[in-house]
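Working through the structure, step by step
Below are the chains, spelled out letter by letter.
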Amino acid sequence: SARNDVILQLVNWETDVFPGVSSDPQAVINEQIPLDYDILIVMFWSRIGTPTPRYPSGTVEEFEVAYKRWKEDNNSVSIMVYFKNDPIPPESIDPNQFAQLKEFKASLSNKGILFKSFTGSEDFSASLRLNLTSQIQNILKRGEVNNDSTALLKTTPTKPSSIKKEQNNLAD
């Protein structure tokens, strides 16, 4: 916003990571995405995601990295977790993935994480706009925006194509 001189810069593995080699594909992502982002946005629907050698999925790994940062300094990063509640076509349900997702979701309250659920793009867009506004106001109050007034947003959807549609709705 021009009033507060804050620019939101979206950082997303789909657009900000180039092909590379490391110990595993998630390590390539981890090496290329900066760790000084201000806000992590995590979205889940019906899958936990693709496992890494360290966690049940790359999305969970990115969440855990941010959560560790937050535990070390609770002003270092804001974490926003969303669960999509749209119907899932029965043929798309992977029982193992869904069970892992339910387990992860249940673990969040033990970590002090409040998450939001949404149904449809409009619901997500409205909720995200309000939640981002609140997060940015909190960051401005603390005076801790990274990169010369650029708030870095890292998004980690478990269904990569879903974020593009949601981003387009936010641009409207």
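Let me sum up the structure you'll find in this document. (Residues numbered from 1 in each chain as written. Predicted model: local features only at pLDDT ≥ 70, side-chain atom pairs only at ≥ 80, totals over all residues. Heavy atoms only, no water.)

**Quick look at the packing of helix H2 (residues 25–32) against helix H3 (residues 58–72)**
Packing of H2 against H3 brings their axes to within 10 Å, and their N-to-C directions diverge by 40°. The handedness of the crossing between H2 and H3 is right-handed. Within the contact between the two elements, H2 uses Gln26, Ile29 and Asn30 and H3 uses Gly58, Glu61 and Glu62. For the contact of H2 with H3, a count of residues per class yields 1 nonpolar, 3 polar and 2 charged. (Axes fitted to C-alpha atoms, helices over the stretch in contact; angles between N-to-C directions. Helix = DSSP H or I, 4+ residues; strand = E, 2+ residues; numbered from the N terminus. Left-handed = near helix turned anticlockwise from the far one by under 90°. Contact = heavy atoms within 4.5 Å. Nonpolar A, V, L, I, M, F, W, Y, C, P; charged D, E, K, R; others polar.)

**With respect to the packing of aromatic side chains**
Summed over all chains, the structure comprises 8 aromatic pairs. Taking 5.1 Å as the distance between ring centres and 50° as the angle between the ring planes, the aromatic pair formed by phenylalanine 44 and phenylalanine 104 counts as tilted. Pair noted here: phenylalanine 44 is in strand S2 (residues 39–44) and phenylalanine 104 is in helix H4 (residues 95–108), with a separation of 60 residues, a long-range link. Taking relative accessible area as the criterion, phenylalanine 44 reaches 2% and is therefore assigned buried. Given the relative accessible area of 7%, phenylalanine 104 is considered buried. Where phenylalanine 118 meets phenylalanine 124, the ring centres are 4.7 Å apart and the plane angle is 45°; that geometry is what we call tilted. In this structure, phenylalanine 118 and phenylalanine 124 share a single accessibility class: buried. (Phe/Tyr/Trp six-rings, centres within 6.5 Å; stacked < 30°, edge-to-face > 60°. Buried < 20%, exposed > 50% of the residue type's maximum accessible area, 1.4 Å probe, protein only.)

**Some remarks on the pairing of strand S3 (residues 78–84)**
By the criterion of burial, S3 is predominantly enclosed, with 7 of the 7 residues buried. The alternating pattern of S3 places Ser78, Met80, Tyr82 and Lys84 and Ile79, Val81 and Phe83 on opposite faces, both of which are buried. Here 6 bridges tie S2 to S3, and the two strands are oriented parallel to one another. Across the sheet, the residue bridging to leucine 40 is isoleucine 79, located in S3. Since S2 and S3 lie parallel, the crossover through H3 that links them has a hand, and here it is right-handed. Note that S3 and strand S4 (residues 116–118) share 3 bridges and pair parallel. The partner of phenylalanine 83 across the bridge, within S4, is serine 117. Crossover S3 to S4 through H4 is right-handed. (Pairing = 2+ DSSP bridges. Right-handed = clockwise from strand over helix to strand, strands pointing away.)

**What about the nonpolar core?**
Core analysis: the largest hydrophobic core is formed by 17 residues, its most contacted members being Phe44, Phe63, Ile79, Val81, Phe83, Phe104 and Leu108. Counting only elements with at least two residues in this core, the list comes to S2, H3, S3 and H4. The greatest single-element share of this core, amounting to 4 residues, is contributed by H3. Apart from residues lying up to four places away in sequence, phenylalanine 63 is in contact with Leu40, Val42, Ile79, Val81, Phe104, Leu108, Lys111 and Ile113. Among the nonpolar cores identified, the runner-up in size contains 12 residues, and Ile41, Phe124, Ile136 and Ile139 belong to it. (Core = buried A, V, L, I, M, F, W, Y, C linked by side-chain atoms within 4.5 Å.)

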